[in-house]
Amino acid sequence: MSGTRRLPGFAGGVLIAMSLAFAGPARSQDSTQTPAPGANTASSPQNATKKESTDIATLVKDDNQWPMAAKNYANTRFSHLDEINKDNVGQLQMAWSFSLGAARGQEAAPLAVNGTVYIVGPYAGPHPNQVFALDIANGDLKWSYAPKPDPAAQGVACCDVVTRGLAYDKGKIFLNTLDGFSVAIDADTGKELWHTKLGDINKGETITMAPVVVKGKVLIGNAGGEMGVRGWLAAVDEETGKIVWRAYSTGPDAEVLIGNDYKGPYDWLNGKDLGVKTWPADKWKIGGGTVWGWISYDPDLNLIYYGTSNPGAWNHEQRPGDNLFGSTIFARNPDTGMAKWAYQPDPHDLWDYDEINEAVVVDLTIDNQVRKVLIHPGRDGFMYVIDRTTGKVISADAYDYVNSIKSVDLNTGRPVLNDALTPSLGKTVRNVCPAAPGAKDWQPSAWSPKTKLLYVPHQHLCMNFKTSNVGYIEGTPYVGADVDMYAGPGGYRGEFMAWDPVQRKKVWSIKEKFPVWSGALVTAGDVAFYGTMDRWFKAVDANSGQELWKFRAGSGFIGQPVTFSGSDGTQYVAIISGVGGWSGAVAAAEIDPRVRNGALGFTGAMQDLPASTVGGATLDVFALPKNQKKAASAE
């Protein structure tokens, strides 16, 4: 079928319009290969004598590989590779590139495993969510896989038709499609092994997150909090595609998977069926709390950590109560899905402060004691350092300008709100900071064990906010707010910063014109990488923030930089360029930039973005020139 499909209006206007061009029945596939499929690693000299690991638990420890979007279970996005370092990064050159053929938001992280780079495109173009396998050394295409998902999914996607990446384990690539399926693909041939339906687009459910594989289970959550869906995280058996467990974010304990092993870090987080009792009658059934961000894992504690999104609707007066477990960080046993603890940074969320952002797993020496912690840059603008064994907050400090919350009470774990800004029906509340996307959204930070700093890409936005009553109709927007965003104090809209979680302060920062919507990467060469929405890919000194190198791409960056090595030891740095996503939809989709409240209010803050960039879709891969490599080796 072909034609044009328009997303229902959010905040008084159409969010995105998109053209569709599909052929074939849903869930069929196209798979193309080079004449020698399956030869992705056998040609390298080291493979002739050594069988390469395909197990994710081993691959995450090998810095030659980048086997999952976050690099490792700790979500550090740190690599010990140092061939590229702060002394020679200025010599970086394009090694090769590859077009994904779909000019919409490119948020995915490339994977690199045993000589092959795997990338996935957004839900756009003639082959939505197409997967490509490329030779690390030269970019040659080995195979591609193109699912034929349901085109109706585009009509219920909130904030562009993005995907945040793939997962790998034991010779299989795992793909999430926007229309709610999980797919396993043979990593050597591109052949589909199984597909499993997890979500229902008729309810407004989509899937945009990168899956994570833990102990043979593919972990996947849903998106669609702005459509009145009920959030969940599911575990799928990687060999069979069968659902092993599903933990809902709201509802009775039996469905949230809260049992005798659960203990909340504060009294208000303990009690029976809080996922029901903290809501008006039956509102938990359409209460949001979706799981579309990042999952970390501590093998020693055997706990996964992830956050849930905002409760629905945005109009808080329609849902009195704490609204558990929306805007919550969960710790769960990956074998059973049972919750160990849960902490809600934003009870009764007023501003769409999802807490889906990453939780970085590190051990820190605090007050002369080694603590097992999570570092969580909250969407609400506070940097949370949390004891990952109990869920108690050790520290919480504002890392951007915040006036919606005064502080976090460390005795109770609850925020101290600025009551003067509390929304009320029909009243426009002005100058709320941070805006609905938060001080930082999904774009992941990076942690260096060398510098002991967290490198945080984020935005700097405020908003005007007006609530309205909204009724629930399955599969349609369930928001109840009109939003207008703009630059925060100082007039800039983005920042890349280094944060010291022990000293609880910002060490250095770089202000950017637009929100820094790309992920971060940091290496043992003391280089941090990030991209900007006005087309610059940058390398800076991890210690000082001094700019060392930059490259102007064809489209703005909202993707995730990664690094890996080829069979000859060459270190590469790669990122997909292509502006879009919630922040950049105005430059890549059919949105009128004059309508400030378009794109759920983000258009107002980005009206000038189309003058700097348009959509694109290119994997850009960089390396040092060969003569520079030889000089570095000689030293």
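As a starting point, this report considers the structure included with it. Just so we're clear, the structure is a prediction, and the values are computed from it rather than from any experiment. (Residues numbered from 1 in each chain as written. Predicted model: local features only at pLDDT ≥ 70, side-chain atom pairs only at ≥ 80, totals over all residues. Heavy atoms only, no water.)

**Here we look at the overall build of the chain**
- In terms of helices and strands, the chain carries five helices and 43 strands.
- A burial count over the chain gives 66% of its 635 residues as buried.
- Put simply, of all contacts in the chain between residues at least 6 apart along the chain, 63% involve residues at least 24 apart.
- Carbon and sulfur atoms provide 48% of the accessible area of the chain, an area that totals close to 20500 Å². (Helix = DSSP H or I, 4+ residues; strand = E, 2+ residues; numbered from the N terminus. Buried < 20%, exposed > 50% of the residue type's maximum accessible area, 1.4 Å probe, protein only. Contact = heavy atoms within 4.5 Å. Areas by Shrake-Rupley, 256 points an atom, 1.4 Å probe, with all protein chains shown as cover.)

**Some remarks on the state of the cysteines**
- The tally for this structure, following the rule as stated, stands at one disulfide.
- The disulfide bridge from C433 ends at C462, spanning 2.1 Å between sulfur atoms. In this structure the cystine formed by C433 and C462 twists about its S-S bond by roughly 110°; its chirality is therefore right-handed. Placement of the pair is C433 in the loop between β30 (428-432) and β31 (446-448) and C462 in strand β33 (residues 461-467), with a sequence separation of 29 residues.
- C462 gets classed as buried once you look at its relative accessible area, which sits at 2%. (Disulfide = S-S within 2.5 Å.)

**Topic: the layout of surface pockets**
- One number sums up the size of the second largest pocket: a volume of about 300 Å³.
- Surrounding the second largest pocket, 16 residues form its lining, N72, T76, F78, H80 and P449 being those nearest its centre.
- For the lining of the second largest pocket, the element with the most residues is strand β24 (residues 360-366), which contributes four residues.
- Classifying every residue of the lining of the second largest pocket by side-chain character gives eight nonpolar, three polar and five charged. (1 Å grid on protein atoms, 1.4 Å probe; cavity = no way out; pocket = protein on both sides within 12 Å on 5 of 7 lines; lining within 4 Å. Points joined across faces, edges and corners; volume = space filled by probe spheres on them. Nonpolar A, V, L, I, M, F, W, Y, C, P; charged D, E, K, R; others polar.)

**Considerations on the sheet that holds strand β13 (residues 172-176)**
- Pairing is antiparallel in the open sheet, where four strands are placed in the order β12-β13-β14-β15. The open sheet has two free edges, formed respectively by β12 (167-169) and β15 (192-197), since each of these has just one partner strand. Adjacent strand axes in the sheet meet at a mean angle of 20°, parallel and antiparallel pairs treated alike. (Pairing = 2+ DSSP bridges. Axes fitted to C-alpha atoms, helices over the stretch in contact; angles between N-to-C directions.)

**Focus: the pattern of salt bridges**
- Enumeration according to the criterion identifies 24 salt bridges in this entry.
- Salt-bridge contacts for K450 lead to D526; the nearest nitrogen and oxygen are separated by 3.5 Å. Here D526 lies in the loop between β37 (521-523) and β38 (527-531) and K450 lies in the loop between β31 and β32 (453-459), a separation of 76 residues in the sequence.
- Close ionic contact of E512 with K538 constitutes a salt bridge, the shortest N to O distance being 2.9 Å. A residue pair is termed long-range when its members are at least 10 positions apart, and E512 in strand β36 (residues 505-512) and K538 in strand β39 (residues 536-541) qualify at 26 residues. By the burial criterion, E512 is buried, and K538 matches it.
- The network of salt bridges with shared partners includes D352, D354, R379 and D441. (Salt bridge = Lys/Arg side-chain N within 4 Å of Asp/Glu carboxyl O.)

**Concerning the nonpolar core**
- Counting 137 residues, the largest nonpolar core has M485, F529, W582 and L619 as its most contacted members.
- Once residues lying within four places of it in the same chain are set aside, the contact partners of L619 are W96, S97, F98, L100, P110, V117, I119, L134, A574, I575 and I576.
- Of all hydrophobic cores here, the second largest spans 17 residues; its members include A108, Y118, V131 and Y168. (Core = buried A, V, L, I, M, F, W, Y, C linked by side-chain atoms within 4.5 Å.)

**Points about the pairing of strand β18 (residues 232-237)**
- The buried fraction of β18 amounts to five of the six residues, a majority that puts the element mostly inside the structure.
- Pairing geometry for strand β17 (residues 217-221) and β18, over five bridges, is antiparallel. Counterpart to K217 in the pairing with β18 is D237.
- Here β18 folds back onto strand β19 (residues 243-248) in antiparallel fashion, the turn holding five residues, of which G241 has a positive phi close to 80°.

**As for the packing of aromatic side chains**
- Under the criterion given, the structure shown has 24 aromatic pairs.
- Both rings, one in F325 and one in F330, keep their centres 5.4 Å apart while their planes meet at 50°; by these two values the pair is tilted.
- Judged by its relative accessible area of 0%, F330 is buried.
- Ring plane angle 65° and centroid distance 6.2 Å describe the contact between Y343 and Y384, whose orientation is recorded as edge-to-face. Placement of the pair is Y343 in strand β23 (residues 339-343) and Y384 in strand β26 (residues 382-387), with a sequence separation of 41 residues. Comparing Y343 with Y384, the two get one shared label, buried.
- Positioned above the aromatic ring of W442, the side-chain terminus of R164 is 5.1 Å from the ring centre.
- When the ring centre of W232 is taken as origin, the NZ or CZ atom of R246, which lies over that ring, is 4.4 Å away. (Phe/Tyr/Trp six-rings, centres within 6.5 Å; stacked < 30°, edge-to-face > 60°. Lys NZ or Arg CZ within 6 Å of the ring centre and 35° of its normal.)

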